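Reading the structure
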Amino acid sequence: MEALMVLLAILLQTLLTITTTTTAQFDPSAPIQVICSGDSNYTSNSAFESDLRSLLTSLASSAPSNGGFFNTSTPDNTVYGLAQCRGDKSPTECSACLNRSASAILSQCPRRKEAVLRYDGCLTRYSDKRFFSTLSTDVTQILINVNNASDQTVFNRQLGRLMNGLATNASQDASRFAEGEINYTDFVNLYGLVQCTRDLSGSDCLSCLTGSIAGLPGCCSGKQGARLFNPSCYLRYESSPFYAPVSPPPSPPPPLPGLTSPPPRAQTTHSDGNKKNSSKTVIFIVAPTIAVLAFISAIAFCYWRKKPKKKVPLGGGDQQQIQSAESLLFDFATLRLATENFSESNKLGEGGFGPVYKASQSQHI
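Residues numbered from 1 in each chain as written. Predicted model: local features only at pLDDT ≥ 70, side-chain atom pairs only at ≥ 80, totals over all residues. Heavy atoms only, no water.

Observations concerning the nonpolar core
Counting residues in hydrophobic clusters, the biggest one holds 29 residues, and the most contacted among them are Met-163, Val-194, Leu-209, Leu-216, Cys-220 and Tyr-237. Breaking this core down by element, the ones donating at least two residues are strand 7 (140–144), helix 4 (152–172), strand 8 (177–183), strand 9 (189–196), helix 5 (202–214), helix 6 (216–220), strand 10 (226–229) and strand 11 (233–238). Top element by residues in this core is helix 4. It accounts for 7 residues. Beyond its immediate chain neighbours, meaning those up to four positions away, Leu-209 contacts Ala-167, Ala-170, Val-194, Gln-195, Cys-196, Cys-233, Tyr-234 and Leu-235. Membership of the second largest hydrophobic core comes to 24 residues, among which are Val-79, Cys-94, Leu-117 and Tyr-126. (Core = buried A, V, L, I, M, F, W, Y, C linked by side-chain atoms within 4.5 Å. Buried < 20%, exposed > 50% of the residue type's maximum accessible area, 1.4 Å probe, protein only. Helix = DSSP H or I, 4+ residues; strand = E, 2+ residues; numbered from the N terminus. Contact = heavy atoms within 4.5 Å.)

Below you can see the structure in the form of structure tokens.
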């Protein structure tokens, strides 16, 4: 019940403070929202002005490199500031928008101690009071596309589905930003974008956006496009694309069919770790090779030992003309008979192994 009362209060305040501008009156190069407030002004060339200029410079330089959002205060807490870019803007676009905003807010709200300035792509806000994490819907402005949808009943139903879904997504995302589209007809889509300042809690973001969405039927029923914003949140829808898609970086393409990655090449370095790895690789390759070679050599050696050896003839003559060693062996009785009992008449002489005898011609060996 309490949440419903808060939502009704936001809606009532929105309806009471709405400022409507048609797209025909809108200058794209001009701010879409300027709020100059505060209880008092600061003096020119004062310490407050010096702190404010320094703060605005810091906001413009820091937000693009911090995801498009940055809030801070001066060292003595005299000025608080916040800068945020629309979630689909690149860092370059964000930087250009905030640099322009830092200069424009001083000229749009001269010597004011509190101000809000919004371009379509970025928001800059400062105050002499701390406002971080505080929901602010006190001033709501609307820009309307004057063209009407062909089927307003279907258009409004699909628009409600789109914007409520985006509001839920943004409140649950740390960026407090969401974009998307929904089918309106077979050939036409609706495109939407919502964003809260990133210092808000998820529940405050959802309250801000749902309150703004609830005000759409009263101002923009059947209109092909509109922008509604206050210091804490922003929404926009159109019947044609107007934002840059925000998506994760593409994954690397899959390898072609049938192709596999080649094995890594061995690298030679001077580090001990790589030397050990190289040594292991050499051992793994050489050891099996040596084992195979040793096995083959053992088989060859065994085969060679078992193979019968050929007898090589002495003197290099014809084998058929040379008697074998066995034919040259005689027993003692045969020799005695052949030499006539080793007769002196058959003695030929002395040799290194004793006397040499000739066989008698009448004896046949």
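Topic: the environment of Lys-223
Examined against the element boundaries, Lys-223 turns out to sit in the loop between helix 6 and strand 10. Note: C-alpha distance between Lys-223 and Ala-149 (74 residues apart in sequence) is 5.9 Å. The residues touching Lys-223, leaving out its near neighbours within four places in the chain, are Ile-144, Asn-145, Val-146, Asn-147, Asn-148, Phe-155 and Tyr-237. Side-chain polar atoms of Lys-223 contact the side chain of Asn-148, separated by 3.0 Å. (Polar contact = N/O pair within 3.5 Å; in protein donor to acceptor, adjacent residues only side chain to side chain.)

Structural notes on the packing of aromatic side chains
Enumeration over the complete set of coordinates arrives at 8 aromatic pairs. Residues Phe-155 and Tyr-184 carry aromatic rings whose centres are separated by 5.2 Å and whose planes lie at 90° to one another, so their mutual orientation is edge-to-face. One end of the pair, Phe-155, is in helix 4; the other, Tyr-184, is in the loop between strand 8 and strand 9, with 29 residues separating them in the sequence. Assigned by exposure class, Phe-155 and Tyr-184 land together as buried. Note on Tyr-191 and Tyr-243: the rings are 6.4 Å apart at their centroids and 65° apart in plane angle, and the pair reads as edge-to-face. Of this pair, Tyr-191 sits in strand 9 while Tyr-243 sits in the loop between strand 11 and helix 7 (272–306), placing them 52 residues apart in sequence. The exposure class assigned to Tyr-191 is buried, which follows from its relative accessible area of 13%. Grouped by ring-pair contacts, the aromatic residues Tyr-80, Phe-131 and Phe-132 constitute a single cluster. The ring of Phe-48 carries Lys-113 above its face, with NZ or CZ at 5.4 Å from the centroid. Over the ring of Phe-131 we find Arg-125; its NZ or CZ atom is 4.2 Å from the centre of that ring. (Phe/Tyr/Trp six-rings, centres within 6.5 Å; stacked < 30°, edge-to-face > 60°. Lys NZ or Arg CZ within 6 Å of the ring centre and 35° of its normal.)

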